[in-house]
Amino acid sequence: MPRLLIVHHTPSPNLQSLFEAAVLGASDPEITGIEVVRQAALSTTAADVLAADAYLLGTPANLGYMSGALKMFFDLIYYPCLDSTRGRSYGLYVHGNNDTAGAIRSVESITTGLGWVKAANHVLSTGEPGKTTLDACRDLGGVLAAGLMRA
């Protein structure tokens, strides 16, 4: 069964809202035959990444960068997964107090190195996420999961 791995660092209520919306989209009852696995960034291993077919990443923007937890995730999985995960799809949602550009740039730099393919536009959020942002996060989860149905 194809597996979507959601790797997230969710330290705030705003990120929790984005995470829940992404999970809701990925778990849509119309998307069948997909296993959705949710894991905190600090507990995700290379074996988890190798066992998945696509990835949804969630992070706060901290001082112009992704969270330390997501960076630690990438540090641990990069070389063990480098050759085996090329071409796999990923999506990203980021929440920041006022800017997300540095966090996006840092994640894109690493995912480019891994050879992962951006499946949809990133979801960027500052302040409290509104309906449009939550819908976009739900859609992002749905796009990644539905893409695995065709795989």
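What counts as what
Residues numbered from 1 in each chain as written. Predicted model: local features only at pLDDT ≥ 70, side-chain atom pairs only at ≥ 80, totals over all residues. Heavy atoms only, no water. Helix = DSSP H or I, 4+ residues; strand = E, 2+ residues; numbered from the N terminus. Core = buried A, V, L, I, M, F, W, Y, C linked by side-chain atoms within 4.5 Å. Buried < 20%, exposed > 50% of the residue type's maximum accessible area, 1.4 Å probe, protein only. Contact = heavy atoms within 4.5 Å. Expected span 1.5 Å × (residues − 1). Axes fitted to C-alpha atoms, helices over the stretch in contact; angles between N-to-C directions. Parallel < 35°, antiparallel > 145°, perpendicular 65-115°, else oblique. Left-handed = near helix turned anticlockwise from the far one by under 90°. Nonpolar A, V, L, I, M, F, W, Y, C, P; charged D, E, K, R; others polar. Salt bridge = Lys/Arg side-chain N within 4 Å of Asp/Glu carboxyl O.

Peer 1: Describe unusual backbone geometry, listing the residues and the values that go with them.
Peer 2: At Leu63, a residue that is not glycine, the phi angle is positive and equals roughly 50 degrees. Residue placement: Leu63 occurs in the loop between strand E3 (54–60) and helix H3 (68–81).

Peer 1: Give me the nonpolar core: which residues, what numbers.
Peer 2: Membership of the largest hydrophobic core comes to 27 residues, with the highest contact counts inside it found for Leu57, Phe73, Phe74, Ile77 and Trp116. Elements supplying a minimum of two residues to this core: strand E1 (3–8), helix H2 (46–50), E3, H3, strand E4 (89–96) and helix H4 (101–114). Of the residues forming this core, the biggest block, 6 residues, is contributed by H3. Residue contacts for Trp116: discarding those within four places in its chain leaves Val49, Tyr55, Leu57, Phe74, Ile77, Thr85, Arg88, Tyr90 and Thr111.

Peer 1: Quick one: what's the story with helix H5 (residues 131–149), residue by residue and with numbers?
Peer 2: Think of an α-helix as 3.6 residues a turn; residues three or four steps apart then line up on the same face. Between the first and last C-alpha of H5 there are 27 Å, a value that for 19 residues agrees with the 27 Å anticipated at 1.5 Å per step. Of all the positions in H5, only Thr133, Cys137, Leu140, Gly141, Gly142, Leu144, Ala145, Ala146 and Leu148 are classed as buried. If you follow the buried residues of H5, they end up packed against E1, helix H1 (13–26), E3, E4 and strand E6 (123–126).

Peer 1: Can you explain the packing of H1 against H5? Please cite residues and give values.
Peer 2: The geometry of H1 relative to H5 is characterised by a closest axis approach of 6 Å and an angle of 40 degrees between their N-to-C directions. For the element pair H1 / H5, the angle class is oblique. Here the hand of the crossing between H1 and H5 comes out right-handed. Contacts between H1 and H5 involve Ser17, Leu18, Ala21, Ala22, Leu24, Gly25 and Ala26 from the first element and Thr133, Leu134, Cys137, Arg138, Gly141, Gly142 and Ala145 from the second. Taken together, the residues of the contact of H1 with H5 break down into 8 nonpolar, 5 polar and 1 charged.

Peer 1: Just give me the short version of the pattern of salt bridges, but keep the residues and values in it.
Peer 2: Within the structure shown, the criterion is met by 5 salt bridges. Taking the shortest distance from any N to any O, the salt bridge between Glu35 and Arg3 comes out at 3.1 Å. Of this pair, Glu35 sits in strand E2 (residues 35–40) while Arg3 sits in strand E1, placing them 32 residues apart in sequence. A residue is classified by how much of its surface remains accessible, and Glu35, at 29% relative accessible area, is partly exposed. Salt bridges here are not isolated pairs; linked through shared partners, they connect Lys131, Asp135, Arg138 and Asp139.

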